[in-house]
Amino acid sequence: MNTTHPSPGPTGHPVTVLQVDEHQWHAVQDDRVVGRGDAWRRPDGRTFVSVDAWDGPVFDRLAETLADRLPTPLYTLADQDDPDSQAAWQRVGFTTHRREWQYTVPTDPDVTGLDALRPPPGVTVLPAGRAAADPLRALDRAIRAEVGSTVGWQSMPAEVIPLPGGVTVPDPSKYAVAVQDGRYVGMLRLAPVPRQPRIGLLAVLADRQRQGVARALLADTLGTLHRAGVAAATAEVSEANQAARQLFERIGARLTSTNLELVRR
């Protein structure tokens, strides 16, 4: 167990930062945990860190510890409307890398305009839970390879669940899939967050893009949610991904917040 030197905390009593396992640190004051710091490695190889602490000096201590102990580059997320959090990370050498926009996406087809949409010729949509696992995982690998060799994963949503052993589709039941001429060509991952599900990934093979496949996936998924009584979902889009932003805005999605991805090199 690694320990950093104690420093005064919010009550004047010393705060000590302890590394409790390979990826987590605790700030301890008077034998009580007053803050936590975490690190995790994304499937794209990047290490993200986070700090959970109410008190500013405790946040600073944990952020400093993570920055000092972990190899760079390091990444973190901060709400654009939270200047205190941004400033704390900036004090330990983090700078803005990119912006990610969060949208609230209506499900009502009268609002989205997707009610009259027909899939492209030869395309059918398998709702979530209907896709076969092996072809779905093959599609996921193909899309990841295309993204990695072109725009890179820094263009994709920052909230990617870290998965052990290289598994990238742990639960096929969360994916809707577009099938064209017997081939899986696009997918949409829906995280069942209570009250407001999250569209975690919407991707189409490069040779099938700009043909309406993504819109067909959205039409089927949002329509299913609407019939289940869910009024809206959420989605995150990189500020630089103009095509994705236009796709969501055309169906009435509303920008609700902006996250900053920060990096320390």
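Just so we're clear, the structure is a prediction, and the values are computed from it rather than from any experiment.

**Student:** Help me understand the overall build of the protein in this model?
**Tutor:** Tallying secondary structure elements over the protein gives 6 helices and 13 strands in all. Residue burial in the protein is summarised as follows: out of 265 residues, 48% are buried.

**Student:** Looking at this structure, I do not really get the packing of aromatic side chains. What am I missing?
**Tutor:** Geometry of an aromatic ring pair is reported as the spacing of the ring centres plus the angle between the planes. Throughout the structure, instances matching the rule amount to 6 aromatic pairs. Taking the centre distance of 5.5 Å and the plane angle of 25° together, the rings of Phe48 and Tyr75 count as stacked. Remark: Tyr75 occurs in strand β6 (residues 74-79) and Phe48 occurs in strand β5 (residues 47-53); sequence separation between them is 27 residues. The exposure class assigned to Phe48 is buried, which follows from its relative accessible area of 1%. Summarising the aromatic geometry, the rings of Tyr103 and Phe248 are spaced 6.3 Å apart at their centres and angled 15° between planes, so their arrangement reads as stacked. Taken together, the positions of Tyr103 in strand β7 (residues 95-106) and Phe248 in helix α6 (residues 242-250) put the pair 145 residues apart, joining distant regions of the chain. Each member of the pair, Tyr103 as well as Phe248, carries the same accessibility label: buried. Grouping aromatic residues by their ring pairs yields a cluster made of Trp40, Phe48 and Tyr75.

**Student:** Help me out: how do you make sense of the pairing of β7 in this one?
**Tutor:** The side chains of a regular strand alternate, first on one face of the sheet and then on the other. Note: β7 against strand β13 (residues 254-264), 9 bridges, orientation antiparallel. Residue pairing in the sheet places Arg98 in a bridge with Glu261 of β13. As paired elements, β7 and strand β12 (residues 232-238) share 7 bridges and run antiparallel to each other. Paired with Gln102 across the bridge in β12 is Glu236.

**Student:** Would you mind showing me how to read the side chain of Thr258 here?
**Tutor:** Among the structural elements, Thr258 can be located in strand β13. In this structure, Thr258 is in contact with Ala78, Asp79, Gln80, Arg99, Glu100 and Trp101, ignoring residues within four places of it in sequence.

**Student:** Quick question: what am I supposed to make of the environment of Thr95 here?
**Tutor:** Structurally, the position occupied by Thr95 is in strand β7. The class for Thr95 is partly exposed, based on a relative accessible area of 46%. Each C-alpha atom, one on Thr95 and one on Thr76, is 9.8 Å from the other, the two residues being 19 residues apart in sequence. Look past the residues within four positions of Thr95 in its chain and what remains in contact with it is Glu261, Leu262 and Val263.

**Student:** Honestly, unusual backbone geometry in this entry has me stumped. Any pointers?
**Tutor:** Note on backbone geometry: most residues besides glycine have negative phi, and most peptide bonds are trans. In the segment running from Thr72 into Pro73, the intervening peptide bond is cis, with an omega of 0°. On the secondary structure map, Pro73 appears in the loop between α1 (56-69) and β6. We note that Asp181 has phi near 50°; this positive angle belongs to a residue other than glycine. Structurally, Asp181 can be placed in the loop between β9 (175-180) and β10 (183-191). On the accessibility criterion, Asp181 (66% relative accessible area) is exposed. Unlike most non-glycine residues, Arg210 shows phi in positive territory, near 60°. Structurally, Arg210 can be placed in the loop between β11 (198-204) and α5 (213-227).

**Student:** Hey, could you run me through α1 in this one?
**Tutor:** Residue pairs spaced three or four apart in an α-helix point in one direction, given the helix's 3.6 residues per turn. With 14 residues, α1 extends 20 Å from end C-alpha to end C-alpha; this agrees with the ideal 20 Å at 1.5 Å per step. The complete set of buried residues in α1 reads Val58, Phe59, Asp60, Arg61, Leu62, Ala63, Thr65, Leu66 and Ala67.

**Student:** Hey, could you run me through α5 in this one?
**Tutor:** With 15 residues, α5 ought to run about 21 Å at 1.5 Å a step, and its terminal C-alpha atoms sit 21 Å apart, in line with that. For α5, the full list of buried residues reads Val213, Ala214, Ala216, Leu217, Leu218, Ala219, Thr221, Leu222, Gly223 and Leu225. Count one or two residues on from α5 and you reach Gly229, which has phi positive near 90°.

Definitions and limits used
Residues numbered from 1 in each chain as written. Predicted model: local features only at pLDDT ≥ 70, side-chain atom pairs only at ≥ 80, totals over all residues. Heavy atoms only, no water. Helix = DSSP H or I, 4+ residues; strand = E, 2+ residues; numbered from the N terminus. Buried < 20%, exposed > 50% of the residue type's maximum accessible area, 1.4 Å probe, protein only. Phe/Tyr/Trp six-rings, centres within 6.5 Å; stacked < 30°, edge-to-face > 60°. Pairing = 2+ DSSP bridges. Contact = heavy atoms within 4.5 Å. Expected span 1.5 Å × (residues − 1).

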